[in-house]
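Residue-level structural notes
In case you want the letters, here they are:
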Amino acid sequence: MGAGIAHAFLLAGSRVIVVERDTASADAAAQRIEESLRRSAHRDPALDVGECSARLGVTTDVGACADAALVVEAVPEDRVLKEDALARVDEVLPTAAVLATNTSSISIDDLALARRRPERFLGLHFFNPVPSSALVEIVRGAATDPAVVDAAREWVALLGKAPIVVADSPGFASSRLGVALGLEAIRMLEEGVASASDIDAAMTLGYRHPVGPLRTTDLVGLDVRLGIAQELARELGERFDPPALLRQMVAEGRMGRKSGAGFYDWTDPDSPKETR
């Protein structure tokens, strides 16, 4: 997600600094972003990859955020990890900067409690894959300054994406709806109602969804979907309890596209084959 968000801001003309936890992660992030830019240039020959790359910096030093106007935290969907990342950024962030979290389900108000300037904190929920996704969900906390929400709308528009603004609530709008559909699709597969491809076809052909719920889960990451479901189950009850099949697949390391296999085999990303 972090690489995708960086890519989107680079295409919009921004100077971007990516902060990673160690040198190996920083090198991998730089490579992912460069590859993503080259793919964009293949689709749009007018894109100058070298010029975009010149505006990109990748480091392990959180102090690089000291001159930032906006910082988007995009660590995995784990409350402890997010609290730690946000706390480290908070120490160096300029007074006028905006701090955002890319959380899919964790309460903005909860995360704001430890922030030095909760009025300049909000959620910016991007969707995967970021470069081709049209939506960014802006989540306003109880303390978020309305001017910060307005600024976020402008940033999202500059990225060429559509903003929606939602109040802080469990799962916001997109995760709550998307996870409910995805979990039910997994239960149907678990119960032998239909194959993964047929369940997906029911939604793409019958309801005109661009991607089916199981393929979407592979794209998002089964581990990410599991984490969101667990968070929503704590907040909203047993209807969001993760199915046993989802837990099993994550335990087996079948995380979806990023691991090469989930509900589909992603050995050939352009033509994934059903695995179940």
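Everything numeric in this text was worked out from a predicted model, so none of it was measured.

A cluster of like positive charges, contributed by Arg38, Arg39, Arg43 and Arg257, occupies part of the molecular surface. Relative accessible area serves as the criterion here: at 35%, Arg257 is assigned to the partly exposed category.

An α-helical turn contains 3.6 residues, so any two residues separated by three or four positions project in the same direction. With 12 residues, helix H4 (residues 79–90) should reach 16 Å at 1.5 Å per residue; the first-to-last C-alpha distance of 16 Å fits that figure. Here H4 has its buried residues at Lys82, Ala85, Leu86, Val89 and Asp90. The arc enclosing the buried residues of H4, seen along the axis, measures out at 135 degrees, which places them on a common side. Among the structural elements, strand E3 (70–73), strand E4 (98–101), helix H5 (108–112) and strand E5 (121–126) are those in contact with the buried residues of H4. Where H4 begins, one side-chain oxygen reaches toward the backbone nitrogen of Val80, 3.0 Å away; that side chain belongs to Asp78.

Further remarks concern the pairing of strand E7 (residues 162–167). In the sheet, strand E6 (residues 135–140) pairs with E7 via 6 bridges, with the strands oriented parallel. Considered in E7, the bridge of Arg140 is made with Ala167. Taken together, E6, helix H6 (residues 146–158) and E7 form a β-α-β motif whose crossover is right-handed.

What follows concerns the pattern of salt bridges. Applying the stated rule across the entire model yields 13 salt bridges. Where Arg79 meets Asp110, a salt bridge forms, and the shortest distance between an N and an O atom there is 3.5 Å. In this pair, Arg79 is assigned in helix H4 and Asp110 in helix H5, connecting sequence segments 31 residues apart. For Asp110, a relative accessible area of 32% corresponds to the partly exposed category. One salt bridge in this structure joins Lys258 and Asp223, with 2.8 Å as the shortest N-O distance. Linking Lys258 in the loop between helix H11 (244–251) and strand E8 (264–265) with Asp223 in helix H10 (residues 222–236), this pair joins segments that are 35 residues apart in sequence. Accessibility expressed as a relative area gives 28% for Asp223, which makes it partly exposed.

Before going further, it helps to examine the sheet that holds E4. Pairing in this open sheet of 5 strands is mixed, and the strands run E3-E4-E5-E6-E7 from one edge to the other. Either end of the sheet is taken by a strand with one partner, and the two such strands are E3 and E7. For this sheet, the mean inter-axis angle between neighbouring strands, taken without regard to orientation, is 30 degrees. The pairing of E5 with E6 spans 4 bridges and is classified as antiparallel.

Basis of the calculations
- Residues numbered from 1 in each chain as written.
- Predicted model: local features only at pLDDT ≥ 70, side-chain atom pairs only at ≥ 80, totals over all residues.
- Heavy atoms only, no water.
- Patch = residues over 30% accessible without salt bridge, like charges linked within 9 Å, V, L, I, M, F, W, Y side chains within 5 Å.
- Areas by Shrake-Rupley, 256 points an atom, 1.4 Å probe, with all protein chains shown as cover.
- Salt bridge = Lys/Arg side-chain N within 4 Å of Asp/Glu carboxyl O.
- Lys, Arg positive; Asp, Glu negative; His and termini not counted.
- Charge placed at Lys NZ, Arg CZ, Asp CG, Glu CD.
- Buried < 20%, exposed > 50% of the residue type's maximum accessible area, 1.4 Å probe, protein only.
- Helix = DSSP H or I, 4+ residues; strand = E, 2+ residues; numbered from the N terminus.
- Expected span 1.5 Å × (residues − 1).
- Arc of directions from axis to C-beta.
- Contact = heavy atoms within 4.5 Å.
- Polar contact = N/O pair within 3.5 Å; in protein donor to acceptor, adjacent residues only side chain to side chain.
- Pairing = 2+ DSSP bridges.
- Right-handed = clockwise from strand over helix to strand, strands pointing away.
- Axes fitted to C-alpha atoms, helices over the stretch in contact; angles between N-to-C directions.

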